[in-house]
Amino acid sequence: MSQTITVQHGDARAQLEEGATAIQALKALEAVRGQIVAARVTTPDGASLQWDLDREVPDGAQVAPIPADSEEGRAILRHSVAHVMAQAVTDLFPGAKWAIGPPVEDGFYYDFDVERPFTASDLERIEARMKELLKEKQSFVREEVTREQALEEFADQPYKREIIELVDEGTIVSNVDAGPGEGEAGDGPPTFTVYRNVRPDGSVAWSDLCRGPHVPGTDRVPAFTLLRSAGAYWRGREDQPMLQRIYGTAWESRKALKQHLTMLEEAKKRDHRKLGRELELVHFPEELGPGLSLFLPHGALVRKQMEDWIRDETLRRGYQPVYTPHVAKEDLWQLSGHLENYAELMFPGMEVEGAAYRLKPMNCPFHIMAFTSRTRSYRELPIRISELGTVYRYERSGVVNGMLRARGFTQDDSHIFCRQDQVVDEVAGCVEFARDLYRAFGLGEPSRVAISTRPEKSIAGHDDKWKAAEQALIDAVAKTGLAYEIDEGEGAFYGPKIDIHARDAIGREWQLTTVQVDFNLPERFDISYVGEDGAKHRPFMVHRALFGSIERFFAVMLESFNGAFPTWLAPVQAVVVPVAPDFDGYATEVADRLREVGARVEVDVADETLGNKIRRAQTSKVPYALVVGGDEAEAGTVAVRPYQGSQRKDVAVGEFSKELAAEIATR
Ligand SMILES: [Zn+2]
Ligand SMILES: [Zn+2]
């Protein structure tokens, strides 16, 4: 008689024969809803793993479905399509070596070592071949192999062999492209997994070293397309071979794919570098170097509103401002551990009078120095240090992306030092603050709040503190009433964190705010406060940046608003347009009256046709164009042409200035 196993989904339990698969378990548990691509299995010893639907489940496992239309499900689908793409490339380009093919945000890629870069017509051929392969109804079949078997199977694939060696030394190149086996830790050598694409007649079409999971078969790919190709260094390092990367995307339905492609088109039109240039907001001169930019006067006016808002609000909420330098001696970065853990992202050192200095990649050590400038008492806590701190990070020129990923940027950075009993309120305060900020800047409610917990490799000890901090983050978010998700094991090595995302006008999600607990720096700097008992205690330290980076948030807003900022943020809020030079005087008078209520106003006195001037007001996306001629000058009125909305004639200047002032005050 065969053995039976027990599986669970929440409170539901089912008995199955030994050897039952995840899909059989989900069906027995009546847990299948809609399309699913894989399962999440929590083993009796607590490991939570993505699982192929046709893979055997262990006794006592919790089994949950991964829906096709979830972010997790899409990543699995996209990565599965990457296998099909690599198979097509292998067919069409004999001798191609393949490296890694992980899912990325909204898509996937695979890197190949081929004789020449791919052309547009190559991509068409590859896509056509992929469609043929999808029709073959190949299954993805998982097989566990030893290290030696894997090395032998991929003898002519140098990148796969290198991945195996990297796994040996504990480096994972991508979390799907191979990792040590699960559950066998301790006994014998690590196992690897190979996934084979098997045709219905049992013949193997292609195999890859991969951690999985994948969709069950190629008939489970509803919609995909290839997007572009580009050169990419193996492992992102300039001293390594240049590979050819093909990007694609895949979705759970044709409709979802179509929506995504429409969004990509729209995003291209709104690119912040393009809009920034057209609207004369920001400038990326080559002389500065990649990832460095400047705000032109109109961009600077928008930025000033952002800075004023955050400065006013931090003061109102009991933060204490500081100013700190951009460089400091290496001694500081030694003490903070940045040279040990973060050196790759720092600009190289410079020597001054025999001492080595570094540009700052973070503000934290300076804020700690502000805290430790004198003895602190428990009565003073929480202490919230804040600064608009400009930092410099050495991002590779290949990944620099305008203001979205820059080498120099300014954080609205704060560090909160508090007692354990204050952590929940402090963190909840940060989340509420972020929420108010998104509302004020037109991004609505946060679209996603993710709490990341302790990773496998983390700072030693502090077990109680980790538990307390994770629970504090959960309690804090719960207190705000926002929904949240838990990203198991995704925290930093030095503490758990909360990431807050917002959705822009074309549906893209941006991670903006981070609230991070830190057990490492307080230790390294040996910071303390004097408790009620007269003894020294270690405070909790929370890092938080709400905009994140001012430059990045500016770029996100610019793209989301498509350059048409809300009136309170717009660099020029109204432009007065005289119909002829005779009325320049009256136009100036109108502008002065509006400036009296604090509005930013310009007068267009160019010697051009009225049509041209009105078009210019329109293309520069100024919220209000005010047209004035003889009738208006006589009656003391303006004709109002808003950028959005309908035109109005004969509006008294006093009335319009009141309306404008009220609109600006709504910030
Ligand atoms: Zn794979
Ligand atoms: Zn920090």
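The preceding data block contains the structure.
Residues numbered from 1 in each chain as written. Chains lettered and ligands numbered in written order. Predicted model: local features only at pLDDT ≥ 70, side-chain atom pairs only at ≥ 80, totals over all residues. Heavy atoms only, no water.

## Observations regarding the coordination of the zinc ion (ligand 1)
Selection rule: For Na, K and Ca the donor cutoff is 3.2 Å, while for all other metals N, O and S atoms must lie within 2.8 Å; water is not among the atoms, so some sites may look incomplete. A site with four donors is called tetrahedral when every donor-metal-donor angle falls between 85 and 135 degrees; four donors are called square planar, and six octahedral, when opposite donors sit more than 155 degrees apart and all other angles fall between 65 and 115; any other arrangement is irregular. Under the DSSP-based scheme used, a helix requires at least four consecutive residues in state H or I and a strand at least two consecutive residues in state E, with every element numbered from the N terminus. Buried means the residue's accessible area, taken with a 1.4 Å probe over protein chains only, is under 20% of the maximum for its type, while exposed means over 50%, and partly exposed covers the values in between.
Bound to the zinc ion (ligand 1) are the protein donor atoms His79 (NE2), His83 (NE2), Cys210 (SG) and His214 (NE2), situated 1.9 to 2.1 Å from the metal. Taken together, the four donor atoms coordinating the zinc ion (ligand 1) and their angles of 94 to 125° define a geometry best described as tetrahedral. Mapping the donors of the zinc ion (ligand 1) onto the primary sequence gives the spacing H-x3-H-x126-C-x3-H. Taken together, the residues span a long stretch of sequence, with histidine 83 in helix α2 (residues 71-92) and cysteine 210 in the loop between β11 (204-209) and β12 (223-233) at a distance of 127 residues. Considered together, histidine 83 and cysteine 210 belong to a single accessibility category, that of buried residues.

## Describing the coordination of the zinc ion (ligand 2)
Distances from the zinc ion (ligand 2) to its protein donors, Cys364 (SG), His415 (NE2) and His543 (ND1), fall within 2.0 to 2.3 Å. The sequence pattern formed by the donor residues of the zinc ion (ligand 2) is C-x50-H-x127-H. Here the residue histidine 415 occupies a position in strand β21 (residues 408-418), and histidine 543 occupies one in strand β28 (residues 540-549), the gap between them amounting to 128 residues. By the burial criterion, histidine 415 is buried, and histidine 543 matches it.

## Thoughts on the sheet that holds strand β20 (residues 383-392)
Convention followed: The pairing criterion for strands is at least two bridges between them, as found by DSSP. Note on definitions: a residue-residue contact is assigned when non-hydrogen atoms from the two residues lie within 4.5 Å. Only the stretch in contact is used when a helix axis is fitted, and all axes are lines through C-alpha atoms; the angle between N-to-C directions ranges over 0 to 180 degrees.
As summarised here, the arrangement of the eight strands in space is β16-β20-β21-β28-β25-β24-β22-β23, forming an open sheet in which the pairing is mixed. Both edges of this open sheet fall to β16 (320-321) and β23 (485-487), since each of them pairs with a single strand only. Here β20 runs beside β21; their pairing, made up of 10 bridges, is antiparallel. Directly across from glycine 389, in β21, lies its bridge partner glutamine 411. Where helix α11 (residues 364-371) meets the sheet, it contacts β20, β21 and β28, and its direction lies at approximately 35° from that of β21.

## Some words on the layout of surface pockets
Keep this limit in mind: Here a cavity means grid points, on a 1 Å grid over the protein atoms only, where a 1.4 Å probe fits yet cannot get out; a pocket means an open set of points with protein on both sides within 12 Å along at least five of seven lines; lining residues are those with an atom within 4 Å of a point. Grid points are joined across faces, edges and corners, and a volume is the space filled by probe spheres set on the points. Each residue gets one of three labels, nonpolar for Ala, Val, Leu, Ile, Met, Phe, Trp, Tyr, Cys and Pro, charged for Asp, Glu, Lys and Arg, and polar for the others, Gly among them. The split into domains, and so the bounds of each, comes from an automatic or database assignment of domains.
Taken as a whole, the second largest pocket encloses approximately 420 Å³ of empty space. Looking at the second largest pocket, the residues that line it are Gly170, Thr171, Ile172, Asn341, Tyr342, Glu344, Leu345 and Lys457. A breakdown of the residues in the lining of the second largest pocket according to their chemical character gives three nonpolar, three polar and two charged. Split by domain, the lining of the second largest pocket shows at least three residues from each of two domains, domain 2 (72-261) and domain 3 (277-560).

## Regarding the environment of leucine 292
Secondary-structure assignment places leucine 292 in the loop between β14 (282-283) and β15 (294-295). In this structure leucine 292 comes out as partly exposed when scored by relative accessible area, which is 25%. Once the C-alpha coordinates of leucine 292 and aspartate 45 are considered, the two residues, 247 residues apart in sequence, prove to be 49 Å apart.

## Here we look at the nonpolar core
In plain terms, the rule: We call a set of buried residues a nonpolar core when its members are Ala, Val, Leu, Ile, Met, Phe, Trp, Tyr or Cys and they connect through side-chain atoms within 4.5 Å of each other.
In this structure, Phe441, Ile498, Phe553, Phe554, Phe565 and Leu626 are the most contacted members of the largest nonpolar core, which totals 81 residues. Mapping this core onto the domain boundaries places at least three of its residues in each of domain 3 (277-560) and domain 4 (574-664). Setting aside anything within four residues of it in sequence, one finds phenylalanine 565 in contact with Leu281, Val302, Phe554, Met557, Leu558, Ala570, Pro571 and Pro623. Core analysis: the second largest hydrophobic core is formed by 36 residues, Ile76, Ala86, Ala96 and Leu134 among them.

## Side note on the pattern of salt bridges
As a reminder of what qualifies: Every case where a carboxyl oxygen of Asp or Glu lies within 4 Å of a side-chain nitrogen of Lys or Arg is listed as a salt bridge.
In total, this model carries 55 salt bridges according to the counting rule given. Bridged by salt links that share partners, the residues Glu313, Arg316, Arg317, Glu432, Arg435, Asp436, Arg439 and Glu445 form one connected network.

## Observations concerning helix α8 (residues 297-316)
In an α-helix, one full turn covers 3.6 residues, which means residues spaced three or four apart are oriented alike. What counts here: An expected span of 1.5 Å times one less than the residue number is assigned to each helix.
An ideal rise of 1.5 Å per residue puts 28 Å on 20 residues; α8 measures up with 28 Å between its terminal C-alpha atoms. Those residues of α8 not exposed but buried are Gly299, Val302, Arg303, Gln305, Met306, Glu307, Trp309, Ile310, Glu313 and Thr314. Buried residues in α8 make contact with β15, β20, β21, α12 (423-440), β28 and α15 (550-560). Just downstream of α8 lies glycine 318, where phi reads positive at about 80°.

## A closer look at empty space enclosed by the protein
According to the stated counting rule, one finds two cavities of 30 Å³ or more in the structure shown. As a volume, the second largest cavity reaches approximately 40 Å³. If you trace the second largest cavity, you find it lined by Lys465, Asp518, Phe519, Pro522, Glu523, Arg538, Pro539, Phe540 and Met541. Of all the secondary-structure elements, those providing two or more residues to the lining of the second largest cavity are α14 (521-524) and β28. Residue composition of the lining of the second largest cavity, by class: five nonpolar, no polar and four charged.

## Structural notes on the packing of α8 against α15
Where we set the bar: Oblique is the label for any angle not under 35 degrees, not over 145, and not in the 65 to 115 range, which are roughly parallel, roughly antiparallel and roughly perpendicular in turn. Crossings are sorted by hand: turned counterclockwise from the far helix by less than a right angle, the near helix makes the crossing left-handed, and turned clockwise it makes it right-handed.
Viewed as axis vectors pointing N to C, α8 and α15 meet at an angle of 110°, and their least axial separation amounts to 11 Å. When the axis of α8 is compared with that of α15, the two are roughly perpendicular. Where α8 crosses over α15, the two elements pack in a sense that is right-handed. Counted together, Gly299, Val302, Arg303 and Met306 of α8 and Ile550, Glu551, Phe553, Phe554 and Met557 of α15 form the full contact between these two elements. Grouping the amino acids of the contact of α8 with α15 by side-chain chemistry returns six nonpolar, one polar and two charged.

## Thoughts on the side chain of arginine 508
Spelled out, the test is: Here a polar contact is taken to be a pair of N or O atoms separated by no more than 3.5 Å, where protein atoms must pair a possible hydrogen donor with a possible acceptor and residues adjacent in sequence count only if both atoms sit in side chains.
When you line up the elements, arginine 508 lands in the loop between β24 (497-503) and β25 (509-518). A distance of 3.0 Å separates a polar atom in the side chain of arginine 508 from a polar atom in the side chain of glutamate 559.

## Thoughts on the side chain of threonine 567
Structurally, threonine 567 is set in the loop between α15 and β29 (574-578). A relative accessible area of 7% means that threonine 567 is categorised as buried. A polar contact is formed between the side chain of threonine 567 and the side chain of glutamate 663, at a distance of 2.5 Å. Residues contacting threonine 567, with those up to four places away along its chain left out, are Gln573, Arg600, Pro623, Tyr624, Leu660, Glu663 and Ile664.

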